Amino acid sequence: MYLKTDFKFKKFELDTIDENVFAADFDDSDWRTVRIPHDWAVEGDFSAENDPTESQIIEDGMKKAQIITGWTGGLPMVGAGVYRKWVKIEKTDKVFLEFDGVMWNSRIYINGKQAGQNHFGYKSFSVDITDFVNFGEENLIAVYAEVRENSGRWYSGAGIYRNIRLVSKPEAHIAYNGVWVRQSYLDDNMALMDISVELVNTSGFTAKITAPDGQEFELTTKGNAVLLELENPILWDVDSPKLYTAEITLENGYSESVKFGIRKCEFTRQGFFLNGRYLKMNGVCMHHDLGAIGAAVNVSAIKRQIEIMKGMGVNAWRTSHNPPTPELLQLCDEMGILVMDEFFDEWRLEKVKNGYAKTFDEHAKQDVIDIIKRDRNHPCVIMWSTGNEIREQWWEEGWITARDLYDTVKATDPTRPVTAGLSAYPDCYTKHIAFYTDIVGLNYKPHTYTTNYNKYTDQVLLGSETESCISSRGIYHFPAEIRIGQYRSDDLAVSDYGLEAPPWACYAEREIAAQKDNPFVMGEFIWTGFDYLGEPTPYYTEWPSRSSYFGVVDLAGLPKNRYYLYRSVWTDIPTLHIFPHWNWENKIGENVPVHVYTNFDEVELFVNGVSQGKRTFAEKKTEFADRQDEWRNQIERFRLMWDNVVYEPGEITAVAYKDGKEAMRKTVKTAGAPHSIRLSAYSQSIAADGEALNFITAEVVDKDGNICPNADNRITFTATGAEVYATDAGDQRETETFLRPDKKAMSGMLVAVVRSTETVGEATVTATADGLQSGTISFKCE
Ligand code: GAL
């Protein structure tokens, strides 16, 4: 049973809590009532005062330590929180509370007594509360959580941000995460899956297997494992994510089900092969926050993220830099996404003052085992990453820790390879950490692929983290130049031409070129799919800037231009994307470069009907005049550019040709004055469960329906039949709280996050703004 509603909650200063808040007779009547999953920080206001840190980011050329703001999102995370809930628990042999994740150092109390604890905020855990419960009566569950200052490099969220279940079991039962369906053998004709179950106070079970086509198999054992031999198994694939179910039943009738899948993953010197087919991993790195709803897990928000990513051809996901919520893996299983499941951002050597390093020695081994045990049935999980850019890469003895972690993974799951996101070059080789992985994951090292491949002749390579191009949706700065490192603009935005990156990183085309030129590299994981809260590179020290600029999609889920670059390279969807917008009232007669992402052979650009010439993609050059020349060649292999276009109001049209014939055209017009609000709904219907979300996008348009690209009108949403929960324009500099029904649009757009109630029926959302015709849209809650 999920525990979601009627939790009382209060936030406190760190280290001020009186233990009596956990007692049954404590009066919590003036505490707020919240719903789980809950993130106490996302409700707050943004401020430079929230969790600043003094740090020197050497990679970015900082000469001395400076006060960095917005690093963890600028939200009020730091503090302690207590949740209290009364639950009637009926008589049973055993009762457990299963937590999918509580952000940091949680302690679990039942009727005033501590029953369990967990230190790692990204880990799932179970607490046996049997001995603390008064059966047949109301019991008080109290949960403590805390977020200390400088505990991470991004927004972690705070509190019980993932789900909780109350689980009753008989004396003879299955241990927590105790079922493992292990793929032991697979060839063209058959698969061997061994199903082992960690049994408590019993032996023997029956496994009923249901295949994706409905066929059923039943196996019984008196021991704790059975072998399932499947002829012509139905494979799980990214294009056809077929899942089997195993229902395990004990003699006393207790049963649990798990889903599993069968697939062949080969990590070779020729690249990655899935079920015998060469497949480049078109991956994204993703932090876990969900933008305007913070870290609070929500299936509709995660599903939307995956769908948006799939729309540009993504087939792989790196859970940077910690294990995800189980719902993400379930969705990746169902939607055909390969997952790199990552454990840590720190080992023993700290990156931040109160990070994981503090607990590494005591807990890391068990944490790794627990994470793997939770996630190992998922066919989507194809590799384990022991860490991201861990400091031990530079350390002579770092290999010992790498080896120990490697051995722990292999002892827990010998069926999947180990990787790590390695950034220290050449130290990761010369100090040997790279040799304690099965797949060498290189972060930001496209220029080294060929050398490493030729030098280390028994290794396979992956671009575990790539590009880190920065941009703000729909904002442009001139001139449109390639700028790597030290990019700054007074408006604290970054141009959406997609040409800027910090010094360790690059524009997207550079990695795309490297992947194409080195087919043996198994793919790339771009940093990042979506913008996330925190790490506002390059504006570390400037405020307000509190969320990342790295996303291909902004924090609200709206694509930046780069989205169409990946779509043009990673998919066959006919793509013709032209930018920038065409409202440059202050630049009449001046130069405004026009760029196009496309997967057609040739494009001709017209300004008010006058041809600006045709462009085709550049061939790869091998000799370069200078670095700019090299960069430019990489970019021109994947984007078409008209550098010298004289701006005049009207329209620009891109006409795409395939085999010499016109195949598609796109026009961008100069928009007139803002006139009305146009709404679109992400979903036509959502569940009436008080949790499902819909995402309503408001566009400010002129009288002819052209989007007004500079509009920043304040738009207010109201709803009937559903609740306006949050608003977000994806602006990295916005300091108004997410949880209000109104906000200023950015580049003509604003998204409302609308939540269902438990009432079935039609929901209607209206958006209004001063001087504009309002917009209305309806969807179903069912
Ligand atoms: C990487 C790091 C990521 C993120 C990124 C920004 O080095 O692994 O967590 O900080 O840089 O470019």
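Predicted model only: the values in this text are computed from it and were never measured.

Cut-off values and rules
Residues numbered from 1 in each chain as written. Predicted model: local features only at pLDDT ≥ 70, side-chain atom pairs only at ≥ 80, totals over all residues. Heavy atoms only, no water. Axes fitted to C-alpha atoms, helices over the stretch in contact; angles between N-to-C directions. Helix = DSSP H or I, 4+ residues; strand = E, 2+ residues; numbered from the N terminus. Parallel < 35°, antiparallel > 145°, perpendicular 65-115°, else oblique. Left-handed = near helix turned anticlockwise from the far one by under 90°. Contact = heavy atoms within 4.5 Å. Pairing = 2+ DSSP bridges. Buried < 20%, exposed > 50% of the residue type's maximum accessible area, 1.4 Å probe, protein only. Right-handed = clockwise from strand over helix to strand, strands pointing away. Near = heavy atom within 4 Å. Polar contact = N/O pair within 3.5 Å; in protein donor to acceptor, adjacent residues only side chain to side chain. Areas by Shrake-Rupley, 256 points an atom, 1.4 Å probe, with all protein chains shown as cover. Nonpolar A, V, L, I, M, F, W, Y, C, P; charged D, E, K, R; others polar. 1 Å grid on protein atoms, 1.4 Å probe; cavity = no way out; pocket = protein on both sides within 12 Å on 5 of 7 lines; lining within 4 Å. Points joined across faces, edges and corners; volume = space filled by probe spheres on them. Expected span 1.5 Å × (residues − 1).

Q: What's the story with the packing of helix H7 (residues 508–517) against helix H8 (residues 562–570) in this structure? I'm lost.
A: In helix packing, the relevant descriptors are the interaxial angle and the interaxial distance, both defined with respect to the helix axes. Taken N-terminus to C-terminus, the directions of H7 and H8 make an angle of 15°; their axes are 11 Å apart at the nearest point. Taken as axis vectors, H7 and H8 run roughly parallel relative to one another. H8 is crossed by H7, and the crossing has right-handed handedness. Between H7, through Ala508, Glu509 and Ile512, and H8, the contact on the second element is made entirely by Arg562, Leu565, Tyr566 and Val569.

Q: Teacher, can you tell me more about the sheet that holds strand S12 (residues 173–186) here?
A: The three strands are arranged S12-S13-S16 in an open sheet whose pairing can be described as antiparallel. Looking along the sheet, the strands with just one partner apiece sit at the ends: S12 and strand S16 (225–231). This sheet shows a mean twist of 20° between the axes of neighbouring strands, independent of strand direction. In this structure, S12 lies alongside strand S13 (residues 190–200), joined through nine bridges in antiparallel fashion. Bridge pairing in S13 places Gln183 opposite Met193.

Q: Explanation requested: the pairing of strand S25 (residues 381–388) in the structure shown.
A: The side chains of a regular strand alternate, first on one face of the sheet and then on the other. Buried residues dominate S25, accounting for eight of its eight residues. Across four bridges, strand S24 (residues 338–342) lies against S25 in parallel orientation. Paired with Met340 across the strands is Met383, a residue of S25. Note on the crossover from S24 through helix H3 (residues 357–375) to S25: the handedness is right-handed. Alignment of S25 against strand S26 (residues 418–422), held across three bridges, turns out to be parallel. Across the sheet, Asn388 pairs through a bridge with Gly421, a residue of S26. Following the chain from S25 across helix H4 (residues 398–412) to the adjacent parallel S26, one finds a crossover that is right-handed.

Q: What's the story with the site of the ligand in this structure? I'm lost.
A: Neighbouring the ligand are the residues Arg153, His321, Asn388, Glu389, Tyr444, Glu465, Ser468, Trp504, Trp527, Glu535 and Phe550. Within the contact set of the ligand, an oxygen atom lies 2.4 Å away from a side-chain nitrogen or oxygen of Glu535. Protein contact buries 95% of the 310 Å² of open area that the ligand shows by itself. Among the residues making up the shell around the ligand, the classes are represented as four nonpolar, three polar and four charged.

Q: Which parts of the structure should I look at to understand the side chain of Asn694?
A: Along the chain, Asn694 falls in strand S41 (residues 693–701). On the accessibility criterion, Asn694 (0% relative accessible area) is buried. Polar side-chain contacts of Asn694 include one of 2.8 Å to the backbone oxygen of Ser683. The residues touching Asn694, leaving out its near neighbours within four places in the chain, are Ala681, Tyr682, Ser683, Ile686, Ala752, Val753, Val754 and Phe779.

Q: Looking at this structure, how should I read empty space enclosed by the protein?
A: A water-sized probe rolled over the atoms picks out the places where empty space is left. Counted under the stated rule, the structure contains four cavities of 30 Å³ or more. Taken as a whole, the largest cavity holds about 220 Å³ of empty space. Considering the residues around the largest cavity, the lining is formed by 21 residues, among which His287, His288, Pro324, Thr325 and Leu328 are closest to the centre. Considered class by class, the residues forming the lining of the largest cavity number twelve nonpolar, seven polar and two charged.

Q: Please clarify how the side chain of Asn50 should be interpreted in this entry.
A: Residue position: Asn50 is located in the loop between strand S2 (32–34) and strand S3 (53–55). Judged by relative accessible area, Asn50 falls into the buried class, the value being 17%. Of the polar contacts made by the side chain of Asn50, one reaches the backbone oxygen of Gly74; its length is 3.0 Å. Apart from residues no more than four positions distant in its own chain, Asn50 is found in contact with Asp45, Gly74, Leu75 and Pro76.

Q: Is there a simple way to think about the sheet that holds strand S9 (residues 125–128) in this case?
A: Within a sheet, neighbouring strands are paired by backbone hydrogen bonds and run either parallel or antiparallel to one another. Taken in spatial order, the three strands make up an open sheet running S9-S6-S11, and their pairing is antiparallel. Looking at strand neighbours, the two that pair on one side only are S9 and strand S11 (164–169), the edges of this open sheet. When the angles between neighbouring strand axes are averaged without regard to direction, this sheet yields 25°. Inspection of the sheet shows strand S6 (residues 94–99) paired to S11 by six bridges, in the antiparallel sense. Counted as the bridge partner of Phe99 is Ile164 from S11.

Q: Please clarify how unusual backbone geometry should be interpreted in this entry.
A: One can expect most non-glycine residues to show negative phi and most peptide bonds to be in trans. Cis rather than trans, the peptide bond between Ile36 and Pro37 has omega equal to 0°. By secondary structure assignment, the location of Pro37 is in the loop between S2 and S3. The omega angle of the peptide bond from Tyr425 to Pro426 is 10°, so this bond is cis rather than trans. One can find Pro426 in the loop between S26 and helix H5 (427–430). Phi angles above zero are rare outside glycine, and Glu535 is one such case at about 45°. As for its position among the elements, Glu535 is in the loop between strand S31 (523–527) and H8. Positive phi is not limited to glycine here, since Asp659 has a value of about 50°. Residue position: Asp659 is located in the loop between strand S37 (651–658) and strand S38 (661–669). A residue is classified by how much of its surface remains accessible, and Asp659, at 65% relative accessible area, is exposed.

Q: Can you walk me through the environment of Lys661 in this structure?
A: Position of Lys661 relative to the elements: it lies in strand S38. Along the primary structure Lys661 and Glu602 are separated by 59 residues, whereas in three dimensions their C-alpha atoms are 9.6 Å apart.

Q: Would you mind going over helix H1 (residues 299–310) with me for this structure?
A: Owing to its 3.6 residues per turn, the α-helix aligns residues three or four sequence positions apart on the same side. Along its twelve residues, H1 runs 16 Å from first to last C-alpha, staying within 8% of the 16 Å computed at 1.5 Å per residue. Every buried residue of H1 is accounted for by Ala301, Ile302, Arg304, Gln305, Ile306, Ile308 and Met309. The elements touched by buried residues of H1 are strand S22 (281–285), strand S23 (316–318), helix H2 (326–335), H8 and S41.

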